[in-house]
Amino acid sequence: MADNKRPAAGEWTTVIRPRTGWFDLDLRELWQYRDLIVMFVKRNFTVLYKQTILGPAWIILNPLITTVLFNVVFGGLAGLSTDGTPSFLFYMAGNTVWTFFSTCINNTANTFVANSQVFGKVYFPRLTTPISQVLTSLINFLIQFVMFALFWAGFALSGAPLRLTAWVAALPLVVLEVMLLGLGVGIIVSSLTTKYRDLAIAVSFGVQLWMYVSPVVYPLSSLGESPRLRALMQLNPMTAPIEVFRLATLGSGTVSAGGLAYSLVFTLAALAVGVVLFSRIEKTFMDTV
């Protein structure tokens, strides 16, 4: 923990004290290191697209290719319902939100292992590293959202049954919730991987399985004939954000106050647990490396 005080003659300008509390989240200190977060975000982009032929174009190509595959497999071959909306936009909407969430988890899952050399050399708030990864994912999401908006406009001009609803005003809050949920789950995983290294290998597979129990390739309304399965689906904290996103942009989606409240409470709980675990691990991580 760094305390910045007005220095007297011969005194240090910054005093670093050990963290001893369970919930050591110093927002003021994180804000003081905002330039470092920006630098980490730039580094993330450089590392991710270095020595690639198409570079940042993959930000658009990845979700676009996935959407086309979903449209062919689930919309064409399987014939799953899309609540009367164009199947391409239905899958792109779900995939855009899910890709944002999954990259937040995957990119923060190896925080301690990937940055062990840096953590052992210089002091800075360790939480700046996963925050920078989540912000990188946010920038990618915004680019993909613009692509989604362009396709939406194209379908709307062609006469597709699309309509924006009042839920559009809630989209910034939905994006914030997805970002915080991804950060919370990601730092929980990153904390556990310091002791169980094979968890880092399993996380990608687990996130992929999580997608299939989320309404990404099918609407929640399609589970109406199975109340028990629908109730289980609503225990998924990502169900409400995806449904709100579709309801806001496509005019179709199943949203309830209870589902929204549950998703928000789960997000805050995951974030709180993540911060506690992250805080405890960062105190002893270098002793176990």
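Just so it is clear, the structure is predicted and the values come from calculations on it, not from any experiment.

Some words on the pattern of salt bridges
Overall, the coordinates contain one salt bridge when judged by the stated rule. Here E243 and R246 are joined by a salt bridge, their closest N and O atoms 3.9 Å apart. Remark: R246 and E243 occur in helix α11 (residues 239–250); sequence separation between them is three residues, near one turn of the helix. Each of the two residues, E243 as well as R246, counts as buried.

Some words on α11
Taking 1.5 Å per residue as the helical rise, α11 with its 12 residues ought to reach 16 Å, and the 16 Å between its terminal C-alpha atoms agrees with that figure. Buried residues dominate α11, accounting for 12 of its 12 residues. Within the sequence span of α11, burial applies to T239, A240, P241, I242, E243, V244, F245, R246, L247, A248, T249 and L250. G251 occupies a position one or two residues after α11 and carries a positive phi of about 85 degrees.

Topic: a nonpolar patch on the surface
On the surface, V68, V72, V73 and L77 cluster together to form a nonpolar patch covering roughly 360 Å² of accessible area. Mapped onto the elements, V73 comes out in helix α3 (residues 58–77).

What about the side chain of T82?
Mapped onto the secondary structure, T82 falls in the loop between α3 and α4 (87–108). Residue T82 is classed as buried on the basis of its relative accessible area of 12%. Aside from chain neighbours lying at most four places away, what touches T82 is S87, F90, Y91 and S252.

Examining the confidence of the model for the protein chain
Taken as a whole, the protein chain shows an average pLDDT of 84; of its residues, 86% reach a score of 70 or greater. Predicted confidence in the protein chain is weakest over strand β1 (residues 2–4), with a mean pLDDT of 52, and strongest over α11, with 94.

Details of the layout of surface pockets
What the largest pocket holds in volume is close to 720 Å³. If you go around the largest pocket, you meet 30 residues; those closest to its centre are N62, T99, S102, T103 and N106. Per-element accounting of the lining of the largest pocket gives the leading share, eight residues, to α4. Classifying every residue of the lining of the largest pocket by side-chain character gives 13 nonpolar, 16 polar and one charged.

Structural notes on the packing of helix α7 (residues 128–157) against helix α8 (residues 171–193)
Closest axis-to-axis distance for the α7/α8 pair is 10 Å, and the angle between their directions is 140 degrees. Here α7 is positioned oblique relative to α8, judged by the angle of their axes. α8 is crossed by α7, and the crossing has right-handed handedness. Here α7 contributes P130, I131, V134, L138 and F141 to the contact with α8, which in turn contributes V175, M179, L183 and I187. Per-class residue counts for the contact of α7 with α8 are nine nonpolar, no polar and no charged.

Quick look at the packing of aromatic side chains
In this description, a pair of aromatic rings is defined by centroid distance and the angle of the planes. In total, this model carries 14 aromatic pairs according to the counting rule given. An angle of 70 degrees between the planes, with centres 5.5 Å apart, marks the rings of F70 and F74 as edge-to-face. In this pair, F70 and F74 both sit in helix α3, four residues apart, roughly one turn of the helix. Taken as a pair, F70 and F74 share a single burial class, namely buried. Among the aromatic side chains, those forming a connected cluster through ring pairs are F100, F141, F145, F148 and F245. Just above the ring of F90 sits the side chain of R246; from NZ or CZ to the centre is 3.7 Å.

Things to note about the nonpolar core
W98, F100, F148 and M238 are the most contacted members of the largest nonpolar core, which has 62 residues in total. Contributing elements (two or more residues each) for this core: α2 (34–49), α3, α4, α7, α8, α9 (199–212), α11 and α12 (257–288). Take this core: its biggest share by element is 12 residues, from α4.

Some details on empty space enclosed by the protein
The tally for this structure, following the rule as stated, stands at three cavities of 30 Å³ or more. In this structure, the second largest cavity occupies an estimated 80 Å³ of space. If you go around the second largest cavity, you meet 13 residues; those closest to its centre are Q234, T239, A240, S256 and G259. Of all the secondary-structure elements, those providing two or more residues to the lining of the second largest cavity are α11 and α12. Counting residues per element, the lining of the second largest cavity draws most heavily on α12, at four residues. Here the residues of the lining of the second largest cavity sort into five nonpolar, seven polar and one charged.

Thresholds applied
Residues numbered from 1 in each chain as written. Predicted model: local features only at pLDDT ≥ 70, side-chain atom pairs only at ≥ 80, totals over all residues. Heavy atoms only, no water. Salt bridge = Lys/Arg side-chain N within 4 Å of Asp/Glu carboxyl O. Helix = DSSP H or I, 4+ residues; strand = E, 2+ residues; numbered from the N terminus. Buried < 20%, exposed > 50% of the residue type's maximum accessible area, 1.4 Å probe, protein only. Expected span 1.5 Å × (residues − 1). Patch = residues over 30% accessible without salt bridge, like charges linked within 9 Å, V, L, I, M, F, W, Y side chains within 5 Å. Areas by Shrake-Rupley, 256 points an atom, 1.4 Å probe, with all protein chains shown as cover. Contact = heavy atoms within 4.5 Å. pLDDT = per-residue confidence, 0-100. 1 Å grid on protein atoms, 1.4 Å probe; cavity = no way out; pocket = protein on both sides within 12 Å on 5 of 7 lines; lining within 4 Å. Points joined across faces, edges and corners; volume = space filled by probe spheres on them. Nonpolar A, V, L, I, M, F, W, Y, C, P; charged D, E, K, R; others polar. Axes fitted to C-alpha atoms, helices over the stretch in contact; angles between N-to-C directions. Parallel < 35°, antiparallel > 145°, perpendicular 65-115°, else oblique. Left-handed = near helix turned anticlockwise from the far one by under 90°. Phe/Tyr/Trp six-rings, centres within 6.5 Å; stacked < 30°, edge-to-face > 60°. Lys NZ or Arg CZ within 6 Å of the ring centre and 35° of its normal. Core = buried A, V, L, I, M, F, W, Y, C linked by side-chain atoms within 4.5 Å.

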